[in-house]
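# Architecture and fold: a report
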Amino acid sequence: MKPITLQNYAEGKWIAGAGGLAELRSAINGDVVALTSSQGLDFGAMTRFAREKGGPALRALTFHQRALMLKALAEALTAKKEALYELSYNTGATKADSWIDIDGGIGTFAVYQGKGRRELPNDTILIDGNVEALSRNGTFQGLHVYTSMQGVAVHINAFNFPVWGMLEKLAPTFLAGVPAIVKPASTTSYLTEAAVRVMLEANVLPAGALQLIVGGTGDLFDHLTSQDVVSFTGSAATAAKLKSHSVIARESVRFVAEQDSLNASVLGPDATPDSPEFDLFIKEVAKEMTVKAGQKCTAIRRAMVPAPLLDAAQEALSARLAKLAVGDPRDEATKMGALVSVAQREDVRAKVREIAADAKIVCGDPDASIGDAKGAFMSPVLLRCEKPWDARAVHDVEAFGPVSTLMPYKDAADAIALANRGKGSLVMSVFSYDTAFERDVVLGAGAFHGRIAFIDRDSAKESTGHGSPMPHMIHGGPGRAGGGEEMGGIRGVTHYMQRTALQGSPRVLSAITKRYMAGMPVQAASEHPFRRKFHDLPIGYQLKTNAREITLDDIEHFAHFTGDTFYAHMDEEAARANPLFGGRVAHGYLILAFAAGLFVDPDPGPVLANYGLDNLRFVKPVKPGDAIQVALTVKDKTLRKPDQGEVRWDVVVTNRDGETVAAYDLLTMNAA
């Protein structure tokens, strides 16, 4: 098949490199599958196009509109994913490997579009935390907010996940309202380019929101500013080189790195050869060695077991690996495909030789000839290190392929210390049924690992395993792993936003955030707010109810009707002895019920449903003979559907003296 010539996407156009075409070869048979170059691109113009076109267009959209954009992109990629699967075989990936890359990437878009619409406002400003009182009378307050960075995100991705690696960065970036320039690893850039074409053809991205470089980055870094973000995945050596660029330091460019990681998996000291956790550990280590031919930043490189179980673990792992079929990924019988290239395989072989200075190869032959002679096939290799504290390479050298080292530990403290010997990782996993040990792991190793996966007989069936970063959870780690952080749900979005502290009066802060702030001027309700549709309810629209006295009969009736006969409501002597009450008091839920009776309008109307309370606090007890009154204020609004919107109401219940006795947020769905 004739190789395709890849194109860059710059300034709204597909552009072929002007020369210096590099050959990209199939991992299966060495055939040239694509030619690529970025020569002739004006990288300064690309950054300007992103900032001047893509950025303003994205920032003009609300979080919800950006989320719907992600949804449309996910649907477009799903419709064309079979073509992406076919291309993916040339990377050496099996169908199962490609599912992680392609469907996993699409799934990340799906998660972020859902979180964007559920957890973010239908606005362009994100509030961070609560209002801070900065003055005695509340006329001067503080609030933190996030706004979109006004630059470009440069995404530099690794070869092993040409689709997921791009999409897991793009999802939070686009949701934050920031344009991106994507630079995939050249080796598998033909798959990335195909996915970018699908997204652009969906015709939902504003001009300048997405650009693609399928070759070198030239002088791109010379054009970066303090408003830009670089997100890098790859080797520690390349990360160090990029971070040391003079512009990164001079302009304080945000730099997120996800790099080398000697991840550990620990079989707990409570395990025995016949325990479920032992079997789960063996299966997971074997899987992490062979999925994507071990070319995963989260793969298990160091497998640690109690010293008495070292022989049993070696035997079980070796037996499992020996059954593994290595070969052409298109063959359904194949369980592990090829490494991405012959050069990558030779690098792994060299790293195995380094590790072998500290450990003995007990399963597999790194130099064995497998499959097509021009392909990049290699058998899984298991090493055994008898004395891990005397070793260096097993803790310092990452063979980025189907390679792992088995090692013993003496006790729980020794296991934790060995895991930390990797000097920082993306993930460690623990296979144990001993919760005391698992807590010790968090306290002793949490600071060294970005994620800790606890897998046991209870969670195994639904667990996503050691090596699967989930969009809901952070992906990154300290030290050797780069010190960066990606995804983590909405946390990942804020990496592409600036947090700013605002100070001012409640009126000003409310106007900026479009949310009610206590102390701002309110609009007294001219008609009951439940008679108004969503769009006719201004922020700060407030109903103050009449007062209602709470009697001892009310309290006793509520107690017997509900079955809540707690002594504070029914036993005067016992309640008087309580230092918080000094006598019988009304139920908190009686106060809520009576409050609702004060502000609810009973007739059918725009309020379709009351579906919850947030942030409920009972502030001061209410005694028989006291009276309560409610201030119901429109706090926030979010349009959920064209004809329906969520209204968040600020509810404050006060007593006769004007003191707050209860406060909460009420949520209703209103017709628009």
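Treat the numbers as computed from the prediction; the structure is a model and nothing was measured. (Residues numbered from 1 in each chain as written. Predicted model: local features only at pLDDT ≥ 70, side-chain atom pairs only at ≥ 80, totals over all residues. Heavy atoms only, no water.)

## Quick notes on the packing of aromatic side chains
The full count for this structure, using the stated rule, is eight aromatic pairs. With a centroid separation of 5.7 Å and an interplanar angle of 80°, the aromatic rings of Phe281 and Phe431 are classed as edge-to-face. Within this pair, whereas Phe281 is found in helix 9 (residues 276–290), its partner Phe431 is found in strand 18 (residues 428–431), the two being separated by 150 residues in sequence. On the basis of an interplanar angle of 85° and a centroid distance of 5.8 Å, the ring pair of Tyr589 and Phe618 is categorised as edge-to-face. With a gap of 29 residues between them, Tyr589 in helix 20 (residues 588–599) and Phe618 in strand 26 (residues 607–618) connect regions that are remote in the sequence. (Phe/Tyr/Trp six-rings, centres within 6.5 Å; stacked < 30°, edge-to-face > 60°. Helix = DSSP H or I, 4+ residues; strand = E, 2+ residues; numbered from the N terminus.)

## Describing the sheet that holds strand 5 (residues 32–36)
Taken in spatial order, the three strands of this open sheet run 1-5-4, and their pairing is mixed. Of all the strands in the sheet, just strand 1 (4–5) and strand 4 (22–25) have a single pairing partner and so form its edges. Sheet strands touched by helix 6 (residues 189–201): strand 1, strand 4 and strand 5. Its angle to strand 5, the strand with the most contacts, is close to 70°. (Pairing = 2+ DSSP bridges. Contact = heavy atoms within 4.5 Å. Axes fitted to C-alpha atoms, helices over the stretch in contact; angles between N-to-C directions.)

## What to know about the sheet that holds strand 17 (residues 403–409)
Strand pairing in a sheet relies on backbone hydrogen bonds. The paired strands run either parallel or antiparallel. Within the open sheet, the seven strands sit side by side as 15-16-17-14-13-18-19. Their pairing is mixed. With one partner strand each, in any of the chains shown, strand 15 (360–363) and strand 19 (452–455) form the two edges of the open sheet. Adjacent strand axes in the sheet meet at a mean angle of 25°, parallel and antiparallel pairs treated alike. Across four bridges, the pairing between strand 13 (residues 264–267) and strand 18 is parallel. Residue pairing for strand 18: Ala264 is matched across the bridge by Met428.

## Looking at the nonpolar core
Phe109, Leu170, Phe174 and Met199 are the most contacted members of the largest nonpolar core, which has 56 residues in total. Membership of the second largest hydrophobic core comes to 38 residues, among which are Ala293, Ala376, Met378 and Met407. (Core = buried A, V, L, I, M, F, W, Y, C linked by side-chain atoms within 4.5 Å. Buried < 20%, exposed > 50% of the residue type's maximum accessible area, 1.4 Å probe, protein only.)

## Describing the packing of helix 2 (residues 63–79) against helix 4 (residues 95–119)
Angle between the axes and distance between the axes: these two values describe a pair of packed helices. Relative orientation of the contacting elements helix 2 and helix 4 amounts to 155°, with a least axis distance of 8 Å. Comparing their axes, helix 4 and helix 2 come out roughly antiparallel. By crossing handedness, the relation of helix 2 to helix 4 is classed as left-handed. Touching His64, Ala67, Leu68, Leu70, Lys71, Leu73, Ala74, Leu77 and Thr78 of helix 2 are Ile106, Phe109, Tyr112, Gln113, Gly116 and Arg117, all from helix 4. (Parallel < 35°, antiparallel > 145°, perpendicular 65-115°, else oblique. Left-handed = near helix turned anticlockwise from the far one by under 90°.)

## Some words on the packing of helix 3 (residues 81–88) against helix 6
Put simply, helix 3 and helix 6 touch, their axes get as near as 9 Å, and they point 170° apart. In terms of axis orientation, helix 3 runs roughly antiparallel to helix 6. The segment helix 3 lies against helix 6, with Leu84, Leu87 and Ser88 engaging Tyr190, Leu191, Ala194 and Ala195. Of the residues that constitute the contact of helix 3 with helix 6, the class distribution is six nonpolar, one polar and no charged. (Nonpolar A, V, L, I, M, F, W, Y, C, P; charged D, E, K, R; others polar.)

## A word on helix 4
An ideal rise of 1.5 Å per residue puts 36 Å on 25 residues; helix 4 measures up with 34 Å between its terminal C-alpha atoms. The largest bend in helix 4 comes to about 30°, at Gly104. (Expected span 1.5 Å × (residues − 1). Bend = angle between axes of the 7 residues up to and from the residue.)

## Describing the side chain of His64
Among the structural elements, His64 can be located in helix 2. By relative accessible area, His64 is classed as buried at 6%. One polar contact links the side chain of His64 to the main-chain carbonyl oxygen of Arg117, over a distance of 3.3 Å. Among all residues touching His64, those that are not within four sequence positions of it are Gly116, Arg117, Leu120, Pro121, Asn122, Thr638, Leu639 and Arg640. (Polar contact = N/O pair within 3.5 Å; in protein donor to acceptor, adjacent residues only side chain to side chain.)

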